[in-house]
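Residues per chain are reported as follows:
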Amino acid sequence: MTVIEMRDLRKDFAVRVRVGRFRRRKRTVPAVDGIDLTVDRGEMVGYIGPNGAGKSTTLKMLTGILTPSAGAVTVCGLTPVPQRTRLARRIGVVFGQRSQLWWDLPLHESFTLLRHIYRVPPADHAARLARCRSLLDLDPFLDTPVRQLSLGQRMRGEITAALLHGPEVLFLDEPTIGLDVVSKQAVRGFLAELGATGDVTLMLTTHDLADIERLCRRLVVIDHGHVVHDGTIEDLHARYGSRRRLVADLDAPLPASFALAGATLAATEADGHRVSFTLESATAAEAVAALMTAAPVRDLSLVEPDIEDVVARLYTAR
Amino acid sequence: MGDQARAYAHLIGGQFRSMVSYRLSFLVEMISHSLTVVLDISTVLVLFGAGRRVGGFTLEEALLVAGLSSVGFALADLLVGNVDHLKTYVRSGLMDVILVRPLGSLWQLLCMDLPFRKVLRVVLAGVVLAIAVRLNDLDWTPARVVLLVVTPLAGLVFFGAIFVLSASLAFWWVDSGEIGSAFTYGGRDFTTYPVPVYAAWFRAVFAYALGFGFVAYQPALTLLGRTDPLGLPAWAGYLSPLVALVAAAVAALAWRAGIRHYRSTGS
């Protein structure tokens, strides 16, 4: 079942450029430049791209904050801007950089206020809150004013706040930005569990690709307002030729004639005492076996391709 | 509808609890805000002085105009005045947060930033109005009683509309703050005095074209049973609710257009 649908979605911004002392010229800059995307119920989609690629703009069009310049968008079968308040009940939004909690009130009061705003039946509210309290470990700071919470605590509060009305879709705009390692783990763990139920569709933007690796089967990369990749992380590796590497420390350098079938020598360091091979068709086992017979191997390691590198290449490719 | 009203009431409650969490600054600000009423009224006292007439009005009569204007403005400033923080809301992202909630944007903003510290000012303005009413020895009829109650409420709606209109400018023009103040605070100052004290062109624009003359001056004339030295008929005193509703309708349109503009620029 389709939950989110974008058809040739566009958003232009007018930028005024100063020309001369008083004159200004209006120039339109496309922030989102024709995106086609369909997300099914229960999917977890990572939406990434460099700064200014149009990630937040897309999210704002999906949540009813911004009106598209052209194209069509539906979320839960609704058109976001004209049907804003109906849609608001069915989606949850977490902005990493802004808060929807009441700054000066104890955290639990924000949750109560949201119950009234969304008119959630008390029993449903209590059940959802109880679940978040245990999974996100909210109890130690439930009575603390939000302004005194650490960023990690606040973000756990924000995620809870976005879920209390039982949304079908959860949009997260950089939910792990600025968090320490432990808080990131807590947030990711919770979202993974949420996604595993299959009831909630999740779409998140991030600059931390570990979020994607941990959470999202599907990765959408946008750049300059276009989708440049839509598929799994493995697809991305396959498409951009990222390979595993075998790194070996040797007691003596390899014979010059040595060649490893299905792999290429990528680097030789420390006077030939450290070599690394890029594995193409060879399996790790084959490569290790061949290497062991050819040279005195002291240590071996297998390096997985780094998604950061792939994405960095993707961003700079254009 | 009742459910929605309850949601807004809870928002107001949350705002109240937020404010009183800073007890001392709440008290200090409440007192300093009330002083503005004292200042407004003392300028009237100085200008009109005992026994002196300005523009054909005695001190007591002028005080009635000032009192009506003051209650209307204080109410509007309390309930709607903080809408002029719109720029801050846009910058802090509160505007986005509000747009993803299932309630109206303007009402949400007003409820979430209701300045309770301005309450004392409404009370003080009410005291001034009560004193002015006593001093004037009015000839009470049922219509005048209704008029005395309705005028401050119409003033609330009218000034509220002016606040919303001037704030809406910020959707197009981020640096519009001071232009808006000319109409909000300037409008309050204008309505504090009887209209005949102003130059003809000035009152043509402010009193009649923009409607500020109907906030306090015309109803005061009717309450006093005086004929308008500027020639408007007696029933003009009852026009204030109508003028207020027209202003509110214009303000509602401006706000909607502003929100639409915000959503198409995302600034």
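Predicted model, so just to flag it, every value in this text is computed and none were measured.

## Observations regarding the overall build of chain B
In step 1: The secondary structure content of chain B amounts to 12 helices and 0 strands.
In step 2: Walking chain B from its N terminus toward its C terminus, one meets helices and strands in the order α-α-α-α-α-α-α-α-α-α-α-α.
In step 3: Taking 267 residues into account, the globule formula puts the C-alpha radius of gyration at 18 Å, and chain B, at 19 Å, falls close to it.
In step 4: Dimensions along the principal axes, computed over C-alpha positions, put chain B at roughly 55 × 40 × 35 Å.
In step 5: Expressed as a percentage of the 267 residues in chain B, the buried residues total 43%.

## As for the overall build of chain A
In step 1: The helix and strand tally for chain A stands at 10 helices and 13 strands.
In step 2: Each principal axis of the C-alpha atoms in chain A carries an extent, and together these give about 75 × 55 × 45 Å.
In step 3: Burial analysis of chain A (318 residues in total) assigns 38% to the buried set.
In step 4: For chain A, long-range pairs separated by at least 24 residues make up 69% of all intrachain contacts whose partners lie at least 6 apart in sequence.

## Topic: the interface of chain A and chain B
In step 1: Listed as interface residues are 27 residues of chain A and, on the opposing side, 22 residues of chain B.
In step 2: Here the side of chain A that touches chain B gets 5 residues from one element, more than from any other, and that element is helix α3 (residues 107-118) of chain A.

## Quick word on the sheet that holds strand β7 (residues 201-205) of chain A
All names here are of chain A.
In step 1: Read across the open sheet, the 6 strands follow the order β5-β6-β7-β3-β8-β9; overall the sheet is mixed. In the strand order of this sheet, the two ends are held by β5 (91-95) and β9 (226-231), each with one partner. Each strand axis lies, on average, 15° off the axis of its neighbour in the sheet, ignoring direction.
In step 2: Strand direction decides the pairing type here: strand β3 (residues 44-48) and strand β8 (residues 218-223), joined by 4 bridges, are parallel. Within β8, the residue paired with G46 across the bridge is L219.
In step 3: Against the sheet, helix α5 (residues 151-163) touches β5 and β6 (169-173), its axis set at about 165° to β5.

## Some points on the environment of A186 of chain A
Residues and elements named next belong to chain A.
In step 1: Following the sequence through the fold, A186 ends up in helix α6 (residues 181-196).
In step 2: Look at A186 and you get buried, because 21 C-beta atoms sit within 10 Å.
In step 3: Residues A186 and L136 lie 50 residues apart in sequence; the distance between their C-alpha atoms is 6.9 Å.
In step 4: Not counting the four nearest positions on each side in its chain, A186 is found in contact with L136 and R156.

## Focus on helix α8 (residues 142-172) of chain B
In step 1: If you check α8 of chain B, its first and last C-alpha atoms are 46 Å apart, about what 31 residues at 1.5 Å a residue would give, namely 45 Å.
In step 2: Its axis deflected by about 30° at V150 of chain B, α8 of chain B carries its strongest bend there, up to four residues before the proline P152 of chain B.

## Thoughts on the packing of helix α2 (residues 23-48) of chain B against helix α3 (residues 59-79) of chain B
In a packed pair of helices, the relevant descriptors are the angle between the two axes and the axis-to-axis distance.
Residue and element names in this part refer to chain B.
In step 1: Relative to each other, α2 and α3 sit at 160°, their axes nearing to 10 Å. Here α2 lies roughly antiparallel to α3, going by the angle between them. Once α2 is placed against α3, the crossing between them reads as right-handed. The segment α2 lies against α3, with V37, D40, I41, V44 and F48 engaging L59, A62, L63, A66, S70 and A74.
In step 2: For the contact of α2 with α3, a count of residues per class yields 9 nonpolar, 1 polar and 1 charged.

## Side note on the confidence of the model for chain B
Residue and element names in this part refer to chain B.
In step 1: Mean pLDDT over chain B: 88, with 96% of residues reaching 70 or higher.
In step 2: Within chain B, the lowest mean pLDDT, 81, falls on α2, and the highest, 94, falls on helix α11 (residues 217-224).
In step 3: Scoring of the predicted complex yields 0.83 for pTM and 0.83 for ipTM.

## Quick word on the pairing of β6 of chain A
Residues and elements named next belong to chain A.
In step 1: β6 sits mainly inside the fold: 5 of its 5 residues count as buried.
In step 2: In β6, alternate side chains face the same way, and those of V169, F171 and D173 on one face and L170 and L172 on the other are all buried.
In step 3: As paired strands, β5 and β6 are joined by 5 bridges and run parallel to one another. If you follow F95 over to β6, its bridge partner there is D173.
In step 4: Here 5 bridges tie β6 to β7, and the two strands are oriented parallel to one another. Bridge assignment links L172 to a residue of β7, and that residue is L204.
In step 5: Read from β6 through α6 to β7, the crossover connection turns out right-handed.

## So, the sheet that holds strand β4 (residues 70-75) of chain A
All names here are of chain A.
In step 1: One open sheet holds the 3 strands; their spatial order is β2-β1-β4, and the pairing between them is antiparallel. The open sheet has two edge strands, β2 (24-40) and β4, and neither has a second partner. Taking each pair of neighbouring strands and ignoring which way they run, the sheet shows an average axis angle of 30°.
In step 2: Sheet topology places strand β1 (residues 2-18) next to β4; 5 bridges connect them, and they run antiparallel. Pairing of I4 across the sheet is with V75, part of β4.

## Some remarks on the nonpolar core
In step 1: Ranked by internal contacts, the top residues of the largest apolar core, which has 141 residues, are F171 and M203 of chain A together with V65, F158, V164 and A220 of chain B.
In step 2: In terms of residue count, the dominant contributor to this core is α8 of chain B (14 residues).
In step 3: Listed in part, the 11 residues of the second largest apolar core include A248, L250, A282 and A287 of chain A.

## Thoughts on the packing of α3 of chain B against α8 of chain B
All names here are of chain B.
In step 1: Between α3 and α8, whose axes approach to 7 Å, the crossing angle comes to 50°. By the angle class used here, α3 and α8 are oblique. Of the two elements, α3 crosses α8, and the hand of that crossing is right-handed. Where α3 approaches α8, its residues L68, S69, V71, G72, F73, L75, A76 and L79 are matched on the opposing element by T151, P152, G155, L156, F158, F159, G160 and F163.
In step 2: In terms of residue class, the contact of α3 with α8 is built from 11 nonpolar, 5 polar and no charged.

Parameters at a glance
Residues numbered from 1 in each chain as written. Chains lettered and ligands numbered in written order. Predicted model: local features only at pLDDT ≥ 70, side-chain atom pairs only at ≥ 80, totals over all residues. Helix = DSSP H or I, 4+ residues; strand = E, 2+ residues; numbered from the N terminus. Rg over C-alpha atoms; globule rule 2.2 N^0.38 Å. Buried ≥ 20, exposed ≤ 12 C-beta atoms within 10 Å, placed from the backbone. Contact = placed C-beta atoms within 7 Å. Pairing = 2+ DSSP bridges. Axes fitted to C-alpha atoms, helices over the stretch in contact; angles between N-to-C directions. Expected span 1.5 Å × (residues − 1). Bend = angle between axes of the 7 residues up to and from the residue. Parallel < 35°, antiparallel > 145°, perpendicular 65-115°, else oblique. Left-handed = near helix turned anticlockwise from the far one by under 90°. Nonpolar A, V, L, I, M, F, W, Y, C, P; charged D, E, K, R; others polar. pLDDT = per-residue confidence, 0-100. Right-handed = clockwise from strand over helix to strand, strands pointing away. Core = buried A, V, L, I, M, F, W, Y, C linked by C-beta atoms within 7 Å.

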